[in-house]
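# Per-entry structural report
Listed below are the residues making up each chain.
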Amino acid sequence: MTNDGPNAELDLLNAGFGCGERLRFVDSPLGGRVAEMSFHGARAIVALQGGHVLSYVPAGGGDVLWVSPLARLGTSKAVRGGIPVCWPWFAQHPTDPSAPAHGFVRTVPWDVVGSGANETGTRLRLSCPFPEAERARWASIADLGLEIVLGEQLGVTLVTRNLSAQPLKITEALHSYFAISDIADVEVSGHDGQGYIDKLDGNRVKRQEGGIRFAGEVDRIYADTSPAVQVIDERARRRILIMKSGSASTVVWNPWIAKSERMGDMGPGGYRRMVCVETANCGDTVVAIAPGDMHRMRVEISASPV
Ligand code: TA6
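Residues numbered from 1 in each chain as written. Predicted model: local features only at pLDDT ≥ 70, side-chain atom pairs only at ≥ 80, totals over all residues. Heavy atoms only, no water.

### As for the pattern of salt bridges
Our working definition: Each reported salt bridge corresponds to a side-chain nitrogen of Lys or Arg within 4 Å of a carboxyl oxygen of Asp or Glu. Numbering of helices and strands runs from the N terminus, with a helix taken as a DSSP run of H or I at least four residues long and a strand as a DSSP run of E at least two residues long.
On inspection of all chains with the given rule, the structure shows 16 salt bridges. We note a salt bridge from glutamate 36 to arginine 24, for which the minimum N-O separation is 2.9 Å. Within this pair, whereas glutamate 36 is found in strand β2 (residues 33–39), its partner arginine 24 is found in strand β1 (residues 23–27), the two being separated by twelve residues in sequence. Measuring nitrogen to oxygen at the nearest pair gives 3.3 Å for the salt bridge that ties glutamate 132 to arginine 135.

Right, dumping it as structure tokens:
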């Protein structure tokens, strides 16, 4: 193992947290450092930047997560796709319009603090050091961790610990981009009868009838504690099952054409190949964590043929 070569950090990471073929750290072609995880033929890739899950390929299947062909690591922008971590606020900051959308942890390199591999899965634990500009304020208030378990499913858990003597109030999301064959051939089921905030219609509260289909931009926050939502991809004959806990909101989003063009990082026709079903606490839900307490929001993702 070199101790001063260009790969010194990588060697140290693999020496400290690598788990043979089950978990290794490599330089990604996207330009940053990633963990490659495997378990019984399933694979996952996690970027240290942002604690960002980029890929989840179940054994024998295709990638369940979508990442823009224009995505790059190591820039000031979060990767478009995968599972961005939105914390300690979702979407726009409640009072500061100059603050970055979806909080400030998506672009900072997270630290590896734990790993493991056994007969039930391969594990990676990351901790967010907070960006320089926020550390003075936040380091004594909260500790933020992410636990990724690749087993029969992909489990991702965002863990917030309140280190302060005051209640800690946050909104948050695991902003998952799912890979689909074509947005016209997809239905998101599991919200029938639920109320939702329509962000494209003055935040009016509406009621979902049946499954969600897409013929234009959709941006909705479902008041949703149902544990299971499905993305049914008729053309790919694949069902993506999204189970969750510690989350009272689900965001369903597709930017469609005009917003994709404004965003500029979706790639040609990218909106047709993705749908976001986000495990969150946002909209009318604010999580209040008592002093010394911990809050865990977890999503468990699997796929099966239809
Ligand atoms: O979760 C949906 C949403 O809030 C959309 O309104 C859109 O802004 C999307 O998130 C992506 O946000 P980003 O900051 O990653 O471009």
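### Considering the site of the ligand
The following threshold applies: We call a residue near a given molecule or strand whenever any one of its heavy atoms falls within 4 Å of it. We define a polar contact as two N or O atoms separated by no more than 3.5 Å, with the added condition that, inside protein, one atom must be a possible hydrogen donor and the other a possible acceptor, whereas residues neighbouring each other in sequence contribute only through side-chain atom pairs. Here the Shrake-Rupley method, with its probe set to 1.4 Å, supplies the accessible areas, and only the displayed protein chains count as covering residues. The nonpolar class holds Ala, Val, Leu, Ile, Met, Phe, Trp, Tyr, Cys and Pro. Asp, Glu, Lys and Arg form the charged class, and all remaining residues, Gly among them, are polar.
As a matter of local geometry, the ligand sits amid Arg80, Phe90, Ala101, His102, Arg106, His175, Lys199, Asp219, Val251, Trp253, Lys259 and Glu278. Within the side chain of histidine 175, one N or O atom sits 3.0 Å away from an oxygen atom of the ligand. Between the ligand and the protein, one listed contact pairs an oxygen atom with a side-chain N or O atom of glutamate 278 at 2.8 Å. Contact with the protein chains covers 85% of the free accessible surface of the ligand, which is 390 Å². Of the residues assigned to the shell around the ligand, the class counts are four nonpolar, two polar and six charged.

### Things to note about the environment of glutamine 230
Put simply, the rule is: Using a 1.4 Å probe on the protein chains alone, a residue whose accessible area is under 20% of its type maximum counts as buried, one over 50% counts as exposed, and one in between counts as partly exposed. In this description, contact between two residues means that some pair of their heavy atoms is separated by no more than 4.5 Å.
Inspection of the secondary structure assignment puts glutamine 230 in strand β17 (residues 228–233). Look at glutamine 230 and you get partly exposed, because its relative accessible area is 21%. With sequence-adjacent residues up to four places away left out, glutamine 230 is seen in contact with Glu187, Val188, Ser189, Arg239, Ile240 and Leu241. Only 2.5 Å separates the side chain of glutamine 230 from the side chain of arginine 239, close enough to count as a polar contact.

### Details of the pairing of strand β3 (residues 42–47)
For a regular strand, side chains alternate in direction, first toward one face of the sheet and then toward the other. Condition: Between any two strands, pairing holds if DSSP finds at least two bridges.
Of the strand pairs in this sheet, β2 and β3 are connected by six bridges, and their pairing is antiparallel. If you follow serine 38 over to β3, its bridge partner there is arginine 43. Linking two consecutive strands that pair antiparallel, namely β2 and β3, is a turn of two residues; a positive phi of about 45° is found at histidine 40 within it. In this structure, β3 lies alongside strand β4 (residues 52–57), joined through five bridges in antiparallel fashion. Its bridge partner being in β4, alanine 44 is matched across the sheet by tyrosine 56. Here β3 hands over to β4 after four residues, with glycine 50 in that stretch at a positive phi of 75°.

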